[in-house]
Each structure stands twice: as C-alpha cells, then as structure tokens.
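Chain by chain, the residues:
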Amino acid sequence: RLDDCIVIKKDGAVEAFYNGVKRVETTQTGVDVSGKLEVLHPNTNTFSEIKCNGGVSGLRISGSAAASAAFLTFANNHTNTLTDRWTFGTSNIGASSDMVVYLGSGVTGTERLRVKEDSARVDFSCDLRPEADNTRALGSSTKRFSTLHINSVKASTGILFGSDTADANTLD
C-alpha cells in the first residue's frame, strides 16, 4: 500500500506526512509540527510574521523536558553557520533558570550576559562600553547606584563628587 500523504479524521485531526513521516497535525489546541518550520515571505527585505491575538498572549519557546533548555538563535545567513549569530536562552542551574545571551550557538557559544533568576543581578562576561565617547551616563541625578565596587578608576577629566562642578570637588 502507498504511504498516506494527508489523513483527515472525522471530527478530529488532519495529519500531513512527508515520505511516510508525520510532519503536521492539527490538535484540539492548535497545530503540532515535527521537524523544522520555515516561515517564508515572497518579497525580500520584508518580515515574515507570527502573530498572537493580543491581550496577554505571546510566543513561548520551550524545551521538550523539564530539565531542558530552549533557545532563540539569530543567524546572519541561510546556512546557519556558527559565526556571527546570537542565541538567547535559559541556563538551568539547580532549581533556578537564568536568562543567558550567548555569542554563538547555545551553550557552546560564548556567554556574554546572564540575568540571574534567583537574585537581583545581571552578570557580564564582556566589557560594558557606550557606542561613542562621552555619550552615555551610568545612573542619573535621580536614579543613582548605592555602591560602586571597582578595582581602579581611569578618568580623562577627573572624578566629580556631588553636583558642584568646582575644581576643588574633582579628584584628579
């Protein structure tokens, strides 16, 4: 007998097969896809979209088991090479699950940023720099850091203490 291509069940699922393997199935809650899903747009330089109905809905990416991790990876080309791509995912450590940004593919990439689930902390494993000289502040006049722990200070114009700009209040 020939392999089924499409199976339509009365009051039930619709199943689509490729080479004898079920790849798409409608369910009571939506659609299950087995394998890779490509969302293509016929025009170049146009976004393909996955939309939600609004309200408190969204797109969830999850691993297949409770102890697994899930990743969202951005590749710079269609070949999905490991160069020049960023991966956003979770890193399961004990009972916590930190949000991690990797340069490269998942946990085999280089960790750059970690948002700790179990503490109010963000860890960096790279330099934190503004995109241009003298363009960004760390804190503001109303939102200040309570404590700054540093090993050394390098400042081209001195360090200002308080809001007085007098030279006497600047440490060189």
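Just so you know, these numbers come straight off a predicted model, no measurement behind them. (Residues numbered from 1 in each chain as written. Predicted model: local features only at pLDDT ≥ 70, side-chain atom pairs only at ≥ 80, totals over all residues. Heavy atoms only, no water.)

Caption draft 1: How the structure looks around the overall build of the protein. Looking only at helices and strands, the protein features zero helices and 11 strands. From first element to last, N terminus to C terminus, the protein shows the α and β order β-β-β-β-β-β-β-β-β-β-β. Here the protein holds 172 residues, and 11% of them are scored as buried. Residue pairs in contact within the protein that sit at least 24 positions apart in sequence constitute 4% of those at least 6 positions apart. Entry remark: accessible area of the protein is about 14900 Å², with carbon and sulfur atoms responsible for 53%. (Helix = DSSP H or I, 4+ residues; strand = E, 2+ residues; numbered from the N terminus. Buried < 20%, exposed > 50% of the residue type's maximum accessible area, 1.4 Å probe, protein only. Contact = heavy atoms within 4.5 Å. Areas by Shrake-Rupley, 256 points an atom, 1.4 Å probe, with all protein chains shown as cover.)

Caption draft 2: Highlighting unusual backbone geometry. Phi is positive for Asp11, close to 55°, though the residue is something other than glycine. Mapped onto the elements, Asp11 comes out in the loop between strand S1 (6-8) and strand S2 (14-18). For Asn19, which is not a glycine, the phi torsion comes out positive at approximately 55°. Tracing the chain through its elements places Asn19 in the loop between S2 and strand S3 (21-26). Residue classification places Asn19 among the exposed residues on the basis of a relative accessible area of 69%.

Caption draft 3: Looking closely at the side chain of Lys116. Tracing the backbone through its elements, the reader meets Lys116 in the loop between strand S8 (110-115) and strand S9 (122-124). Those residues in contact with Lys116 that lie beyond four places of it in its chain are Asp98, Arg121 and Asp123.

Caption draft 4: Inspection of the sheet that holds S2 at higher detail. In spatial order, the strands read S1-S2-S3-S4; together these four strands make up an open sheet with antiparallel pairing. Among the strands making up the open sheet, the edge pair consists of S1 and strand S4 (31-33). Along the sheet, successive strands turn relative to each other by an average axial angle of 20°, direction set aside. Bridge analysis of S3 against S4 gives three bridges, and the strand direction is antiparallel. (Pairing = 2+ DSSP bridges. Axes fitted to C-alpha atoms, helices over the stretch in contact; angles between N-to-C directions.)

Caption draft 5: Examining the side chain of Glu15 more closely. One can find Glu15 in strand S2. In this structure Glu15 comes out as buried when scored by relative accessible area, which is 7%. A distance of 3.2 Å separates the side chain of Glu15 from the side chain of Lys9, its partner in a polar contact. Reaching out from Glu15, the side chain makes a polar contact with the side chain of Lys22 at a distance of 3.3 Å. In contact with Glu15, other than residues within four places in its own chain, are Cys5, Ile6, Val7, Lys9, Lys22, Val24 and Glu25. (Polar contact = N/O pair within 3.5 Å; in protein donor to acceptor, adjacent residues only side chain to side chain.)

Caption draft 6: Representation of the environment of Arg136. Structurally, the position occupied by Arg136 is in the loop between S9 and strand S10 (159-160). For Arg136, a relative accessible area of 60% puts it in the exposed group. One polar contact links Arg136 to Glu131, side chain to side chain, over a distance of 2.8 Å.

Caption draft 7: Main features of the pairing of S8. Bridge count between S8 and S9: three bridges; the pairing is antiparallel. Looking at the pairing, Arg114 lines up with Asp123 of S9. Counting the residues between successive antiparallel strands, the hairpin from S8 to S9 contains six residues.

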